[in-house]
Amino acid sequence: MRDFIPTPILKNTDKCTPETKVIAISGKKVLVTQQNGRITLPRLSDMPAGSIDTASGLAIGKLRDEECAGFIFTGKEDERLFLLEMRSAFTMIPPGSCYALCRAKSLLEWKKRRNFCGACGAALVPSENDIAMKCPVCKEPFYPQLAPAVIVAITKDDKILLAHNFRFQERVHSLIAGFVEAGESIEQAVAREIYEETHLNVCDLRYVSSQSWPFPNSLMLGFTAKYHSGTLELDGTELECADWYTPDNLPQLPEKGSIARMIIDDFCSEKRFFD
Ligand SMILES: [Zn+2]
């Protein structure tokens, strides 16, 4: 049985009950509670009055057969309910709950910004058939847009290439990554991004895994590749520094919860993704 079954159409939360599981989002954080030492989502009956705007809520789906709804959280934390960074939550809750969380975050962010038709300017209404907003005047549909991004672990013998991007927190080194651009295949995006940022060429590109990254709307596609040719030379605009590292001599890594960290951890221990 699938842990999480998404709601197939855009629906508001008019059928909430006190038992409904609540995904209350505040920026990049989600409201959680603890039960028997485990992090879990609160129920509607746990929510302090006025802490969520029920009118802006969305039905998200069924999580292990329980209705689940997403809201923007505007209340305050208390001794039972506290805000947790979503990326930390990814390491503490089951995959089905992560799915529900990412879907809620993506849809709430999208809906907040998608109120008017980009073609004629009319106010949009929810589509009755799918996850979309629709223009009642010119009939143009508007779907949530995903921004696919590639992230790739390049290896050379027993070393992995890790780089510090100007946008990262101080000293954090991670994999080479970038958005897929218009007209590109995934493979072309990987090759372009690596060459632009490092002047390296790679071979043996292999898909590893993907991760929804709703900050605000990315889909991360993870790969491994082997160094083929070229001399490491940084573009100077995105990467501040980059180098080859062995597992016993690593720089500061991204926090656990991201696909980047999962692939780096795999390289350092199990090597399931690497030959
Ligand atoms: Zn229109």
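Novice: Mind showing me how you'd approach the domain arrangement of the chain here?
Specialist: In many reports, interface size means the accessible area that the parts give up when they come together. Along its sequence, the chain is organised into domain 1 (4-113), domain 2 (114-145) and domain 3 (147-268). One C-alpha centre belongs to domain 1, the other to domain 2, and the line joining them spans 25 Å. On the domain 2 side, the residues contacting the eight residues of domain 1 number nine residues. Broken down by class, the residue content of the side of domain 1 that touches domain 2 amounts to five nonpolar, one polar and two charged.

Novice: Sorry if this is basic, but what is going on with the nonpolar core here?
Specialist: Membership of the largest hydrophobic core comes to 31 residues, with the highest contact counts inside it found for I23 and A24. Counting only elements with at least two residues in this core, the list comes to β2 (21-26), β3 (29-35), β5 (58-63), β6 (66-72) and α2 (95-113).

Novice: What am I meant to see in helix α4 (residues 259-268) here?
Specialist: Since the α-helix packs 3.6 residues into each turn, any two residues three or four apart lie on the same face. Of all the residues in α4, the buried ones are I259, A260, I263, I264 and F267. Angularly, the buried residues of α4 cover 135° about the axis, an arc narrow enough to put them on a single face. Where α4 is buried, its residues meet β11 (147-156), β12 (159-165), β14 (201-213) and β15 (218-229).

Novice: What is the right way to look at the sheet that holds strand β8 (residues 125-126) in this model?
Specialist: Strands belonging to one sheet form pairs held by backbone hydrogen bonds; the direction of such a pair is parallel or antiparallel. Judged by pairing direction, the sheet is antiparallel, and its three strands sit side by side in the order β8-β9-β10 without closing on themselves. If you trace the sheet from one side to the other, it starts and ends with β8 and β10 (141-142), each paired once. Bridge analysis of strand β9 (residues 133-134) against β10 gives two bridges, and the strand direction is antiparallel. Within β10, the residue paired with M133 across the bridge is F142.

Novice: Which parts of the structure should I look at to understand the pairing of β12?
Specialist: Walk down a regular strand and you will see the side chains alternate between the two sheet faces. The element β12 is largely enclosed, with a buried count of five among its seven residues. Note that β11 and β12 share two bridges and pair antiparallel. The partner of T155 across the bridge, within β12, is I160. Between the antiparallel neighbours β11 and β12 lie two residues, among them D157 with a positive phi of about 55°. Looking at chain direction, β12 and strand β16 (residues 239-245) are connected through six bridges and run antiparallel. Pairing of I160 across the sheet is with Y245, part of β16.

Rules used throughout
- Residues numbered from 1 in each chain as written.
- Predicted model: local features only at pLDDT ≥ 70, side-chain atom pairs only at ≥ 80, totals over all residues.
- Domains from an automatic or database assignment.
- Contact = placed C-beta atoms within 7 Å.
- Nonpolar A, V, L, I, M, F, W, Y, C, P; charged D, E, K, R; others polar.
- Core = buried A, V, L, I, M, F, W, Y, C linked by C-beta atoms within 7 Å.
- Buried ≥ 20, exposed ≤ 12 C-beta atoms within 10 Å, placed from the backbone.
- Helix = DSSP H or I, 4+ residues; strand = E, 2+ residues; numbered from the N terminus.
- Arc of directions from axis to C-beta.
- Pairing = 2+ DSSP bridges.

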